[in-house]
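Breakdown of the fold
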Amino acid sequence: MPDAGPTAVLPRRPLTVGELLDSAVLLLRDQARVLVPLAVLLALGEQALLHPVRVLADARPPEWWPDPDRLGWYWLLLAVGAGTEAMIIALLGNPAARGAGAALLGRRTGPRELLRGARWGATLLAGATVGCTVLLAGLGGPAWFVAYGLLGAVVPVLVVDRVPEHRAPGRALRLAVRVGGRAAAIRLLGYLGWWLIRLGIGLGVYHGLGLLGLFDVSAWALPVATVAWVAVNAVAYPALACLDAVLHLETRMRTEGLDIRLSRAPAPEPVLLAVQR
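Definitions and cut-offs
- Residues numbered from 1 in each chain as written.
- Predicted model: local features only at pLDDT ≥ 70, side-chain atom pairs only at ≥ 80, totals over all residues.
- Heavy atoms only, no water.
- UniProt positions renumbered as here; feature names shortened; annotations may be inferred.
- Helix = DSSP H or I, 4+ residues; strand = E, 2+ residues; numbered from the N terminus.
- Axes fitted to C-alpha atoms, helices over the stretch in contact; angles between N-to-C directions.
- Parallel < 35°, antiparallel > 145°, perpendicular 65-115°, else oblique.
- Left-handed = near helix turned anticlockwise from the far one by under 90°.
- Contact = heavy atoms within 4.5 Å.
- Nonpolar A, V, L, I, M, F, W, Y, C, P; charged D, E, K, R; others polar.
- Expected span 1.5 Å × (residues − 1).
- Buried < 20%, exposed > 50% of the residue type's maximum accessible area, 1.4 Å probe, protein only.
- Arc of directions from axis to C-beta.
- Core = buried A, V, L, I, M, F, W, Y, C linked by side-chain atoms within 4.5 Å.
- Salt bridge = Lys/Arg side-chain N within 4 Å of Asp/Glu carboxyl O.
- Phe/Tyr/Trp six-rings, centres within 6.5 Å; stacked < 30°, edge-to-face > 60°.
- Lys NZ or Arg CZ within 6 Å of the ring centre and 35° of its normal.

1. Quick word on the UniProt feature "transmembrane region" (unreviewed entry) in the chain
In this structure's numbering, the residues bearing the UniProt feature "transmembrane region" (unreviewed entry) are residues 73-97, 118-139, 145-163, 184-206 and 226-247. The span residues 184-206 shows a helical share of 100% and a strand share of 0%, and its end C-alpha atoms are spaced 33 Å apart.

2. Considerations on the packing of helix α2 (residues 32-57) against helix α9 (residues 221-256)
A packed helix pair is summarised by two numbers, namely the angle formed by the two axes and the spacing between the axes. Remark: α2 packs on α9, axes separated minimally by 8 Å, with the N-to-C direction vectors making an angle of 130°. The angle between α2 and α9 falls in the class oblique. Considering how the two elements wind past one another, α2 and α9 form a crossing that is right-handed. In this structure, α2 uses Leu 35, Val 36, Ala 39, Val 40, Ala 43, Leu 44, Glu 46, Gln 47 and His 51 to contact α9, whose residues at the interface are Leu 222, Thr 226, Trp 229, Val 230, Asn 233, Ala 234, Tyr 237, Pro 238 and Cys 242. Class assignment of the residues belonging to the contact of α2 with α9 gives a composition of 13 nonpolar, 4 polar and 1 charged.

3. A word on helix α5 (residues 120-139)
If you check α5, its first and last C-alpha atoms are 28 Å apart, about what 20 residues at 1.5 Å a residue would give, namely 28 Å. Ala 122, Thr 123, Ala 126, Gly 127, Val 130, Gly 131, Val 134, Ala 137 and Gly 138 are the residues of α5 that are buried. Axial view of α5: buried residues confined to an arc of 165°, hence all on one face. With respect to the buried face of α5, the exposed residues turned more than 90 degrees away are Gly 121, Leu 124, Leu 125 and Leu 136.

4. Quick notes on the nonpolar core
Of all hydrophobic cores here, the largest spans 61 residues; its most connected members are Leu 10, Leu 104, Val 134 and Val 246. With 12 residues, α9 is the largest single contributor of residues to this core. For Val 246, the contacting residues outside a window of four places in its chain are Leu 10, Leu 20, Ser 23, Ala 24, Leu 27 and Ala 100. One finds Leu 50, Val 53, Tyr 74 and Ala 225 within the second-largest nonpolar core, a separate group that totals 12 residues.

5. Brief notes about the pattern of salt bridges
Going through the model one piece at a time under the given rule, you end up with 12 salt bridges. Of the charged contacts, one joins Asp 161 and Arg 252 as a salt bridge, the two residues approaching to 2.7 Å between their closest N and O atoms. In this pair, Asp 161 is assigned in helix α7 (residues 154-161) and Arg 252 in helix α9, connecting sequence segments 91 residues apart. The burial state of Asp 161 is the same as that of Arg 252; both residues are buried. With a closest N to O distance of 2.9 Å, Glu 256 and Arg 178 form a salt bridge. Linking Glu 256 in helix α9 with Arg 178 in helix α8 (residues 168-212), this pair joins segments that are 78 residues apart in sequence. When its relative accessible area of 32% is taken as the criterion, Glu 256 is described as partly exposed. Under the relative-accessibility criterion, Arg 178 is labelled partly exposed at 26%. Bridged by salt links that share partners, the residues Asp 161, Arg 171, Arg 178, Arg 252 and Glu 256 form one connected network.

6. Comments concerning the packing of aromatic side chains
According to the stated counting rule, one finds 4 aromatic pairs in the structure shown. Aromatic side chains Trp 144 and Phe 145 sit 4.7 Å apart centroid to centroid with 80° between the ring planes, which places their arrangement in the edge-to-face category. Owing to a relative accessible area of 11%, Trp 144 belongs among the buried residues under this scheme. Judged by centre distance (5.4 Å) and plane angle (15°), the rings of Trp 144 and Tyr 148 are stacked. A residue pair is termed a helical-turn pair when its members lie 3 or 4 positions apart in one helix, as Trp 144 and Tyr 148 do in helix α6 (residues 143-150) at 4 residues. The pair Trp 144 / Tyr 148 is uniform in exposure class, with both members buried. Site record: aromatic cluster; members linked through ring pairs are Trp 144, Phe 145, Tyr 148 and Tyr 191. The ring of Tyr 148 carries Arg 187 above its face, with NZ or CZ at 3.8 Å from the centroid.

This is the structure in structure tokens:
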């Protein structure tokens, strides 16, 4: 796949899994000026929110392993963490989806265009709904995987398809289960891949600093671990939001003929991406 120009982000045809992952990275590279700073702020807020729950679970940095006597609190910590991750990815999905839609139409977007008039009120409500749903599913253990896989398109549906707020979750669920649940499975695959990358880098930075012996890392475990996890999440969360964006548009091309509709338009405009009602 070529790596130059806006059309390289998302070709107008159904893509393979590998091409989807490549497209998500290209979209992130194209919109990093907006997505990464937003992700840093959201990741910092997430660490602040998780800190009191970690204290209750007696989970210590950098691995945040649980105290065997506080497994109940640790279970809650995992659920809250899953919910905050899902909410952050959903919020970042707003500019990511707008950037993906513009790229599909052969345009580049600047930061102002990505952030202006983007249905932020509806996005905040949708993000909170997605986060709470994943949190509650996380309390049920394996149900977390189902909830996370099915809800990736909620914000792209709001932003790109321009459906009313109350219809967005239903449409997102229908898209996720099409073609044998392909979109949901790819979303989970992307999360697993980035989870492994985050784990390797987050722990590697902490233990690498310890090996250098520049200072007593154990005495600064909390701030060092916090900075490491914020840094890696500031890349991983936007990458996952970009995957949601390109996956949503690719699913529409694969199952609704969006690529054919665009190819027949004399001059594609953003309104052509909206769902016809």
